[in-house]
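Here's the letter readout for the chains.
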Amino acid sequence: MNTKIVVVTFIIYFAAMSENSFSQEILKFYDLNKAESSVINNKGTETPFTGKYTNYKDKGTYICKKCGAALYYSSDKFESDCGWPSFDNEIKGAVKRIPDPDGLRTEIECANCGAHLGHVFTGERLTAKNVRHCVNSISLEFVPAALLESGRYGTAIFAGGCFWGVEYFLQKAPGVISVTSGYTGGTVKNPTYQQVCTGNTGHAEAVKVVYDPQKTSYDKLLKLFLEIHDPTQSGGQGPDIGDQYRSEIFYMNDDQKYIAENDLNILKSKGFKIATLVTKASEFYPAEAYHQDYYFKNGKTPYCHAYIKRF
Ligand SMILES: [Zn+2]
């Protein structure tokens, strides 16, 4: 059996597996009880101070109870004393705003499935962002950060130049639960940004993507990664020159390695002179907090990453 057949067999096998679990997932998320349905489908409001996430402080991601889409990070949750979970930021593109029929307020819905979440208010000066997403606990499901690492979700690590830009595009991909900017592939433990910037630690600026295998696949995310940076540039990316800006796929297991090599071979067969390295993943060190969600926090757009169709 040649490599191509092995890869195709793997892909068919995983597609069949995920099809099966996907239908179970749909059932789980659409099987709303009466109380959930009255808020989520009929735009009701739970009684204040009764929801299970009102004073919840654990680290993780809040997803839509109806469809499982990632909506809010716990790092954006704050105490507002209003009786409902409050966030001053949503995951980019995850929440839709619509004028409430009351003519005064702005309703918020899951952008993916239209589930009613609550309302959003501005100008209350409760946090620096001056925004309060007032969300019904019952519209949410919490996924602890520890569970994101447990195997229920898939993990992918990619390096393609400045991590701000790679993070920006992958965060918007369907099925992505979280993206963390960081450093990997080097020899120094717990490196700082300043150390990595010297280009002497061996680390690449990279992102760790946690995704829901029922809603996307490693292959889809990898192809997107290869279309948002230039996999033919060696020694840097765009204007950023240096080993820390190299293009590299850090695979977590043999399946990811096969898929990575296969996708790169597809690009090579189309005439691309690929510079992307394929390397077994080693320890990933999250970057300093100010690098996380950089473009979103700063209201800017990437300077050296853009989507270009290659597959
Ligand atoms: Zn939803």
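Residues numbered from 1 in each chain as written. Predicted model: local features only at pLDDT ≥ 70, side-chain atom pairs only at ≥ 80, totals over all residues. Heavy atoms only, no water.

## Quick look at the sheet that holds strand 2 (residues 70–73)
Right, on to step 1. Within the open sheet, the 3 strands sit side by side as 2-1-9. Their pairing is antiparallel. At either margin of the open sheet sits one strand with a lone partner, and together these are strand 2 and strand 9 (140–144). With direction set aside, neighbouring strand axes in the sheet form an average angle of 30 degrees.
Right, on to step 2. In terms of strand pairing, strand 1 (residues 60–64) meets strand 2 through 3 bridges, oriented antiparallel. Bridge pairing in strand 2 places Ile-63 opposite Ala-70. (Pairing = 2+ DSSP bridges. Helix = DSSP H or I, 4+ residues; strand = E, 2+ residues; numbered from the N terminus. Axes fitted to C-alpha atoms, helices over the stretch in contact; angles between N-to-C directions.)

## Points about helix 7 (residues 254–269)
Along an α-helix, residues three or four apart share an orientation, since each turn contains 3.6 residues.
Right, on to step 1. Along its 16 residues, helix 7 runs 22 Å from first to last C-alpha, staying within 8% of the 22 Å computed at 1.5 Å per residue.
Right, on to step 2. Where helix 7 begins, one side-chain oxygen reaches toward the backbone nitrogen of Asp-255, 3.2 Å away; that side chain belongs to Asn-253.
Right, on to step 3. The positive-phi residue at the C-terminal boundary of helix 7 is Gly-271, with phi of around 100 degrees. (Expected span 1.5 Å × (residues − 1). Polar contact = N/O pair within 3.5 Å; in protein donor to acceptor, adjacent residues only side chain to side chain.)

## Focus: the packing of helix 4 (residues 163–171) against helix 6 (residues 218–228)
Right, on to step 1. It is the contact of helix 4 with helix 6, at a shortest axis distance of 10 Å, that shows an interaxial angle of 135 degrees. Put simply, helix 4 runs oblique to helix 6. Regarding helix 4 and helix 6, the two cross each other, and that crossing is right-handed. On the side of helix 4, the interface is formed by Val-166, Phe-169 and Leu-170, while helix 6 contributes Leu-221, Leu-224, Phe-225 and Ile-228.
Right, on to step 2. In the contact of helix 4 with helix 6, the residues fall into 7 nonpolar, no polar and no charged. (Parallel < 35°, antiparallel > 145°, perpendicular 65-115°, else oblique. Left-handed = near helix turned anticlockwise from the far one by under 90°. Contact = heavy atoms within 4.5 Å. Nonpolar A, V, L, I, M, F, W, Y, C, P; charged D, E, K, R; others polar.)

## Notes on the packing of aromatic side chains
Right, on to step 1. The tally for this structure, following the rule as stated, stands at 16 aromatic pairs.
Right, on to step 2. Aromatic pair Phe-158 and Phe-225: ring centres 4.6 Å apart, planes at 10 degrees, arrangement stacked. Taken together, the positions of Phe-158 in strand 10 (residues 154–160) and Phe-225 in helix 6 put the pair 67 residues apart, joining distant regions of the chain.
Right, on to step 3. Since its relative accessible area comes to 0%, Phe-158 is described here as buried.
Right, on to step 4. Site record: aromatic cluster; members linked through ring pairs are Tyr-53, Tyr-56, Tyr-62, Tyr-72, Phe-87 and Phe-142.
Right, on to step 5. The ring of Phe-311 has Lys-223 lying over it, and the distance from NZ or CZ to the ring centre is 5.3 Å. (Phe/Tyr/Trp six-rings, centres within 6.5 Å; stacked < 30°, edge-to-face > 60°. Buried < 20%, exposed > 50% of the residue type's maximum accessible area, 1.4 Å probe, protein only. Lys NZ or Arg CZ within 6 Å of the ring centre and 35° of its normal.)

## Quick notes on the pairing of strand 10
Right, on to step 1. In terms of residue burial, strand 10 counts as a mostly covered element, since 7 of its 7 residues are buried.
Right, on to step 2. Burial along strand 10 is two-sided: the face carrying Gly-154, Ala-156, Phe-158 and Gly-160 and the face carrying Thr-155, Ile-157 and Ala-159 are both buried.
Right, on to step 3. Examined bridge by bridge, strand 10 and strand 12 (residues 204–211) share 5 bridges and lie antiparallel to one another. Bridge assignment links Ile-157 to a residue of strand 12, and that residue is Lys-208.
Right, on to step 4. For strand 10 and strand 15 (residues 247–251), the ladder comprises 4 bridges, and the chain directions are antiparallel. Residue pairing across strands places Phe-158 opposite Ile-249, the latter belonging to strand 15.

## Remarks on the packing of helix 6 against helix 7
Right, on to step 1. At a minimum axis separation of 10 Å, helix 6 and helix 7 run at an interaxial angle of 40 degrees. Considering the angle they form, helix 6 stands oblique to helix 7. Along this stretch, helix 6 crosses helix 7, giving a crossing that reads as right-handed. Along the contact surface, helix 6 presents Tyr-218, Asp-219, Leu-222, Lys-223 and Leu-226, while helix 7 presents Gln-256, Ile-259, Ala-260, Asp-263, Leu-264 and Leu-267.
Right, on to step 2. By residue class, the composition of the contact of helix 6 with helix 7 is 7 nonpolar, 1 polar and 3 charged.

## Quick notes on the nonpolar core
Right, on to step 1. One finds Phe-158, Leu-170, Val-209 and Leu-222 to be the most contacted residues of the largest nonpolar core, which totals 36 residues.
Right, on to step 2. Elements represented by at least two residues in this core include exactly strand 10, helix 4, strand 11 (176–184), helix 5 (193–197), strand 12, helix 6, helix 7 and helix 8 (294–298).
Right, on to step 3. Residue contributions to this core peak at 7 residues, all from helix 6.
Right, on to step 4. Residues contacting Val-209, with those up to four places away along its chain left out, are Gly-154, Thr-155, Ala-156, Phe-158, Leu-170, Val-176, Ser-178, Val-179 and Leu-221.
Right, on to step 5. Counting residues in each nonpolar core, the second largest holds 29 residues, with Ile-40, Cys-67, Tyr-73 and Cys-110 among its members. (Core = buried A, V, L, I, M, F, W, Y, C linked by side-chain atoms within 4.5 Å.)

By themselves these figures say nothing about function.
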